[in-house]
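The residues making up each chain are set out below.
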Amino acid sequence: MAHQLDSLDKKILRMVAKDARVPFLEVARECNVSGAAIHQRIQKLTSSGVLKGSQFIIDPEKIGYETCAYIGLNLKDPEKFDSVVQALLEIPEVVECHYTTGDYDMFIKIYAMNNHHLLNIIHDKLQPLGLSRSETIISFGSAFNRQLPVDDFPQEDE
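Everything in this summary refers to the structure shown in the same document. (Residues numbered from 1 in each chain as written. Predicted model: local features only at pLDDT ≥ 70, side-chain atom pairs only at ≥ 80, totals over all residues. Heavy atoms only, no water.)

Turning to the sheet that holds strand β1 (residues 67–75), a few remarks are in order. Strand pairing within a sheet occurs via backbone hydrogen bonds; the two strands may be parallel or antiparallel. In space, the four strands of this open sheet follow the order β2-β3-β1-β4, with antiparallel pairing throughout. Only two strands of the sheet have a single partner each, and these edge strands are β2 (94–99) and β4 (131–139). The mean angle between the axes of side-by-side strands here comes to 20 degrees, regardless of whether they run parallel or antiparallel. Pairing analysis gives five bridges linking β2 to strand β3 (residues 106–112), with the strands arranged antiparallel. (Pairing = 2+ DSSP bridges. Helix = DSSP H or I, 4+ residues; strand = E, 2+ residues; numbered from the N terminus. Axes fitted to C-alpha atoms, helices over the stretch in contact; angles between N-to-C directions.)

Here it is as structure tokens:
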């Protein structure tokens, strides 16, 4: 269910989406409210699940993971979704897992050091999970990666 956002929430989200490390006092000045009010709003947005924390993003390629692949997985026994997800969580190279409609039961994103490493992961770690089939798509590079355009929030109540 969507969380109702007022104009202050939207302004805060626009600012922290641009720079998650922006000081609360700077946000407060820009929003014309106290630092305590911003702190409370950030807490509210976090506890309601609108904000999901902040983090440093590690560039996989810079630490030796040169191959990015997306793999569609089909399970022999779809009732084993939960146990397969738990097993995927134990494979550090798997960074995303989605339940999907269409041709696959699940769709994962994986990083490997090279194609040989990717093959080993597929053969040694994914196939034993009970796959009926899988399809691997290797990414040559990301054209862009972004969050939803917070600047485009409707601003009718501002």
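Right, let's talk about unusual backbone geometry for a bit. With phi around 60 degrees, Asn-32 is a residue other than glycine that occupies positive phi space. By the secondary structure assignment, Asn-32 is in the loop between α2 (24–31) and α3 (35–47).

Before going further, it helps to examine the layout of surface pockets. Taken as a whole, the largest pocket spans an internal volume of roughly 1,800 Å³. Lining the largest pocket are 42 residues; nearest its centre among them are Gln-55, Ile-57, Asn-145, Arg-146 and Gln-147. Taken together, the elements giving at least two residues each to the lining of the largest pocket come down to α1 (7–18), α3, β1, β2 and β3. Across the lining of the largest pocket, the residue classes break down as 24 nonpolar, ten polar and eight charged. (1 Å grid on protein atoms, 1.4 Å probe; cavity = no way out; pocket = protein on both sides within 12 Å on 5 of 7 lines; lining within 4 Å. Points joined across faces, edges and corners; volume = space filled by probe spheres on them. Nonpolar A, V, L, I, M, F, W, Y, C, P; charged D, E, K, R; others polar.)

Purely spatial values, then, with no claim about function.
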